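Letter by letter, the chains look like this.
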Amino acid sequence: MKKEKLVIRPCHTVLFMLICICTILSGNAQEKAIIKGTIKDAELKSPLPGANVIISGSTNGTTANFDGQYTLFVSEGTFELEISYLGNETKNINVQVNAGEVKIINVELEPQATQLDDVVVTGSLEGQQRALNQQKSADNLKSIVSADQMGKFPDQNSAESLQRVSGVNLQRDEGDGRFVLVRGLAPQFTNISINGEQIPSPEGESRFVALDAIPSNQLSSLEVSKSITPDMDGDAIGGSVNLNTPTATKRKLSINGSAAMEYNNASDKTVGQGSINISKRSEDGKFGFIVSGSYAGSKKENDRYEFDGWGDEGSNEIGLLEIADYTIDRNRYGASTTLDYKGKNTNLYIRGLFSELREYEVRRRATFEAEEDEGNTEYVYTKELKDRPENQGVLSLNLGGSTVTPGFIFDYEVSYSQAWQDTPRNDQVVFENEGAPFIFNVSDRLNPKLVSLNGNGPETNPLTDLGLLEFKEYEKESTLAEDENITLKSNVTMPFTLSENTGEFKFGGKIRLKEKRYTVRNFELLEYEGDQDLTLDSNNFSDNFNAIGFMDGSFNTPLGNFITLNAVDSFITTNSGDFESDTEKAIEETVSQEYIASENVYAAYAMGKINFKKLMVLGGLRYEATRFTYDSGIFDEEEGEAIAVSGNNDYNFLLPMLHLKYSIDDNTILRGSATQSYSRPNFQALAQGAVFNSADLEAEIFNPDLVPVEAVNLDIFAEHYFGTVGLVSAGVFYKNLDNFIYQQTTDREYRGIPNVEVTQSVNGNTANLIGFELAYQQKMTFLPGFLSGFVVYANYSFTESNAEVENFSEDDEITEIDLPGQAKHVGNAALGYNNKGFDARLSFNYNGAFTSEFDGSDLVRIDDRMQIDFTMSQSFAKKRMTVYVELVNINDENQVELYNTIATPRERQRYGSWGRLGLRFNF
C-alpha cells in the first residue's frame, strides 16, 4: 500500500521563501561593504582552501573556498583582519572600507617551519594540510581528500581514493574499487556529484555511479559529506560524495604529468599509463585555463571457484562447482578542462569532465552439477565462453558564475551531464553434457582452495574429454544504456547582524530534468537443428587454454581446451541453414529489458547560519518534489507477444536539518547534527520488466510498487587539529530508516525453467544503524632527528545495524538481519616517511564482512578482506622530477563470498597483485 503523498507546488514554496527572507533582510543590505580576495601559500604560490578570515574581536568571519578565494561582508569602518591557516603563520592586516565598497585584499601566508637538529621540515604535507583546513572550516561533518593526498596512495580511480576515508568501504569488480559504501550503507544510499552537481549513472539498472570509470588524476579533491545541509541534494542517506575538477592558480605556464608501466602478476602482462596537465592564468590573474588528460591501461586475470549445495555439516561434498577464468583488458581515458574569469564583482566559469572505461572481458567457465532426483543422481557438465566488450562513460559540463554586491551573493549554474554503458556485443556459447557421471569434493571446507574432480565410471576425466560436450546454445546480445541530466540552479546569500553576532541567510532552487533509457539493439538465441555431431572436440571449436597454476597454483588439474568464438562464428556462417533463431525468445528478452524513464526533480530550500562567540548554528528546510514516469513492457507467454506497460511514481519530501559547531579553542571543535534525508529506488527496480540470463540461470525482475527509503540521521563528533598538521577525531552516528530497499533472491521456476536465481528489489520495514568513528593522522615533527620524518595515518569505524524484512523465511514471518552492505568493521592504517624529497608509505585497508544479497533462506555475505599496498618515490632536479613505485594488493588477498558463515563458502576470487614504475614531472 503506497503512502499518501504531500502535495505542495515547488513554485509556491520558492515564492514564500523569497518573500520572507527578503522582507527580513531589506533593512540592512545597504549598510554593508565587501572584502574579497585570494589566499595563497607564500612559498608554493598555491591557494589555501579552508583558510579562515575573521575580524579580530568579533564573530564575523568566513573561509576560503577550494581556489583560496574568500568573500566577507563587513560594515563600514576601520578594523583588523586576521587570516589563519593550519600549518602556516597567521597574518593580521589593518583595513578601512566605506559602505557599498568592494575591496580586494590578496594575502600570502608564510609556511611554518620546524627546526629539528638542522633538518628543516616545511610544506612536506601540503595536500594533507589543505584537506584538514577544509574539514576544520566546514559547517557540516566532512572529510576531504586532496589531489596531493591521493598521490600518496597507489589508487587509480576515484573509488579507490575514497576507500582511505573513515567510514567508507568498497565493492570491487575484478580487483578494482567500483562502488562506494558510506557508513555501512549500500551504494544507492550515497549521492555522487561532480563540481557540486549530481551526475547520472552509466549502469543500465541503477542510479548510483560506478566510480572506477573516473580516474583520480583528473580531480583536485574528493569531498565526503556525512551530514548534509539544506543547500545540498536530499537523496543522500549514507552521505554525499563530490568530485572537484581543478582550476588554474599560477600565472606562470605550468605543465605536469606522469608516465608509467603497470605489471600484473596474475595475467603476467604489462601495459602503459600516462597523464598530462597544462594550466595558466593571465598576467592580471583574471583569466585562467587548465586542460588535463590521462590514460591508464590494465590487463588483469581473475580466477574463481563457486560452490553450492553443500552437504551436511562436516561433509565436503557439494552439489555444484563452477571453475572460471576471466581475462580483462581495461583502458581508462579521462579529460577535464576549466576556463574561468575572476572579476571584481563577478566570477564566471566553464567546466568539463569526460571519462570512459573501455573494457574487454573474456570468461571461460566449466560447471559441474550433481542433483538427487528420486534416489537417482543426475549429472550436468557444461563449458561456456563469454566474450564481451563494453564502454562505460560520463560527460559533465557546467556553465555558471557568481556575482557579489554589498547586499548579497548570487550564484547560478546550468549543467548538462550524460552517462552511458555501450555493450556492442555480449556473446555466450554453451556446450553441455547430461548423464556423464563424475565426482568432486572440496578438501578443506573452511578454506576451499583445493578441489579434486574425477570421472566416475568408464568415462575419462570430464575436464579433458571434450567429446562428452555437445553444442547447446549461442546467445548474442547488444545493448545501450543512456542517462541524461539537465540542471538549472541558483542561490542567494545575504548577510545579517543580530546584536553583535553575524550570520547569513541562504535560499535557492533547482530543477533537474532526467531521462534514462535502456535499449536492446539486438538479441538472438541460436539453436542447432542440423544432423552433425557438434561436440566441442570434433568440430575444433576449442583453443589450448588450461588451468595449470590456476588460483595461485593450488589447483593443478588441466581444464582442457575451451571454445573459441571465431571458430563457432565461422561454422555458423558456413552452415547457417542448420541454425534456427528463437524469435519468441528474442521478443521476450527485448521487451522485458527495454524501458524509458523520465524523472523531474523540483527543489527549493531556505537556511540560516549565525555565529556566536564560539558557537555556530545552521538550520533550514529543503523541499524536493519528484515526478517519475516510465514506459516498458512485459511478455505474455500464452499469447507470445509483448504488452506495453507504463506508470508513475511521484513523491515529495520536506527535509528539516540542524547543525551545531562549537569551537572549544582554535584547534578543538565539537559538532552535532540532526538531518532528514531519503533515497530513491533504482530505475531497473521500478521500470524494467526483467533481465534474464538463460546461460547463467539468473533473472532480475522489477517492482513498480517500491517507495523511497526515508531516514533520520544524528551525528555527534569531536575534532582536534595539531599545529604540526594532524588530526584526531571521534564521534558517534545513528540512522533510523523506514521502507529500506534490499534485494531478495530466491531459487524458483521462472518462464518454465527450474532452479533460476530470481532477484527482486523490495521494501523492508524499519532499520536502525548505529556506529562510531575514530581517526588519527599526524606528522611526527615533535620527534628528534630522523624520526621526525615519519607520518602516521589511521582510522576505524564500527557500525551495527538491525533491519526487519518480510518474506525472507519460508513462513513469511518478520526476520531481523543486518542491513545489506553494512560492514561492522572498516579501517585504514598507513605508516609513511617523508624527508628531502623521499616519500614512502605502507598502507593497510580492511573491509569487514557484510551481507550482499539474500538467496532463498540464506544470506550471501562478502567475507572480510585486508589489502596491503606500498608506495615509494624520490624527487630530484629541484623536485621537478619524481621517480615512483606503487605496489597494489601485495598480499594477494582474495575475495570470498559465503552462505551465512565461513563453514559454507560460496565463491572465491583471485585477482593477484600488480605494480607500477613511473616518472612524474612538473615544469
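Residues numbered from 1 in each chain as written. Predicted model: local features only at pLDDT ≥ 70, side-chain atom pairs only at ≥ 80, totals over all residues. Heavy atoms only, no water.

### Some words on the sheet that holds strand 17 (residues 239-244)
The strand order 11-16-17-14-15 describes an open sheet built from five strands, whose pairing is mixed. Two strands in the sheet have a free side with no partner beyond their single neighbour: strand 11 (142-146) and strand 15 (197-198). In the sheet, strand 16 (residues 221-225) pairs with strand 17 via five bridges, with the strands oriented antiparallel. By the bridge assignment for strand 17, Ser225 is matched with Ser240. (Pairing = 2+ DSSP bridges. Helix = DSSP H or I, 4+ residues; strand = E, 2+ residues; numbered from the N terminus.)

### Digging into the nonpolar core
Of all hydrophobic cores here, the largest spans 35 residues; its most connected members are Leu185, Phe189, Ile237, Val709, Leu737, Phe740 and Leu819. For Val709, the contacting residues outside a window of four places in its chain are Phe189, Ile237, Ser677, Tyr678, Ser679, Leu737, Asp738, Asn739, Phe740 and Ile741. The next biggest cluster of nonpolar side chains, apart from the first, holds 27 residues, and it includes Phe471, Tyr528, Leu536 and Phe571. (Core = buried A, V, L, I, M, F, W, Y, C linked by side-chain atoms within 4.5 Å. Buried < 20%, exposed > 50% of the residue type's maximum accessible area, 1.4 Å probe, protein only. Contact = heavy atoms within 4.5 Å.)

### What about the confidence of the model for the protein chain?
Low pLDDT marks regions whose predicted coordinates should not be analysed in detail. Across the protein chain, pLDDT averages 84, with 86% of residues at or above 70. By mean pLDDT, the top-scoring element of the protein chain is strand 36 (residues 668-679) (96), and the lowest-scoring one is strand 10 (residues 119-121) (35). With pLDDT under 50 throughout, residues 114-124 is counted as low confidence; its partners more than four residues away or in other chains account for 24 contacts. (pLDDT = per-residue confidence, 0-100.)

### A closer look at the pattern of salt bridges
For the coordinates displayed, the defined rule picks out 56 salt bridges. A salt bridge links Arg183 to Glu773; its shortest N-O distance comes to 3.1 Å. Of this pair, Arg183 sits in the loop between strand 13 (176-182) and strand 14 (190-194) while Glu773 sits in strand 43 (residues 766-779); the two residues are 590 residues apart in sequence, bridging distant segments of the chain. For the residue pair Arg183 and Glu773, the accessibility class agrees, reading buried in each case. A salt bridge links Arg916 to Glu886, with the nearest nitrogen and oxygen atoms 2.8 Å apart. Separated by 30 residues along the polypeptide, Arg916 in strand 54 (residues 914-922) and Glu886 in strand 51 (residues 881-888) bring together distant segments of the chain. (Salt bridge = Lys/Arg side-chain N within 4 Å of Asp/Glu carboxyl O.)

### Section: the sheet that holds strand 3 (residues 61-63)
Here we have four strands laid out as an open sheet, ordered 3-2-5-6, and antiparallel in their pairing. This sheet does not close on itself; its edge strands, each paired only once, are strand 3 and strand 6 (88-97). Neighbouring strand axes in the sheet, compared pairwise and without regard to direction, differ in orientation by 20° on average. Of the strand pairs in this sheet, strand 2 (residues 52-55) and strand 3 are connected by three bridges, and their pairing is antiparallel. Note on strand 3: the bridge partner recorded for Val53 is Thr62. (Axes fitted to C-alpha atoms, helices over the stretch in contact; angles between N-to-C directions.)

### Quick word on the pairing of strand 39 (residues 709-722)
Where a strand is regular, its side chains alternate between the two sheet faces. Note: strand 36 against strand 39, 12 bridges, orientation antiparallel. Residue pairing for strand 39: Ser677 is matched across the bridge by Ala711. When strand 39 meets strand 40 (residues 726-738), the two strands line up antiparallel, connected through 13 bridges. Following the sheet pairing, Tyr721 is matched in strand 40 by Leu727.

### Topic: helix 6 (residues 583-593)
When helix 6 is considered as a whole, its buried residues turn out to be Lys585, Ala586, Glu588, Glu589, Val591, Ser592 and Gln593. The N-terminus of helix 6 is capped by Asp582, whose side-chain oxygen sits 3.4 Å from the backbone nitrogen of Glu584. (Polar contact = N/O pair within 3.5 Å; in protein donor to acceptor, adjacent residues only side chain to side chain.)

### Some points on a positive patch on the surface
The grouping of Lys250, Lys252, Lys878 and Arg880 at the surface amounts to a positive patch. Tracing the backbone through its elements, the reader meets Lys252 in the loop between strand 17 and strand 18 (254-264). By relative accessible area, which is 62% here, Lys252 ends up exposed. (Patch = residues over 30% accessible without salt bridge, like charges linked within 9 Å, V, L, I, M, F, W, Y side chains within 5 Å. Areas by Shrake-Rupley, 256 points an atom, 1.4 Å probe, with all protein chains shown as cover. Lys, Arg positive; Asp, Glu negative; His and termini not counted. Charge placed at Lys NZ, Arg CZ, Asp CG, Glu CD.)

### A closer look at unusual backbone geometry
Positioned with a positive phi, Asn195 is a non-glycine residue whose angle comes to about 50°. Here the phi dihedral of Ala877 falls at roughly 55°; this positive angle occurs in a residue that is not glycine. Here Ala877 is to be found in the loop between strand 50 (865-876) and strand 51. On the accessibility criterion, Ala877 (44% relative accessible area) is partly exposed.

### As for the pairing of strand 44 (residues 790-805)
With 13 bridges connecting them, strand 43 and strand 44 associate as antiparallel partners. Looking at the pairing, Lys779 lines up with Val791 of strand 44. The pairing of strand 44 with strand 46 (residues 825-835) spans nine bridges and is classified as antiparallel. Counted as the bridge partner of Tyr793 is Ala830 from strand 46. The sheet contact formed by strand 44 and strand 45 (residues 815-817) spans three bridges and is antiparallel. Opposite Glu804, over in strand 45, you have Glu816 as the bridge partner.

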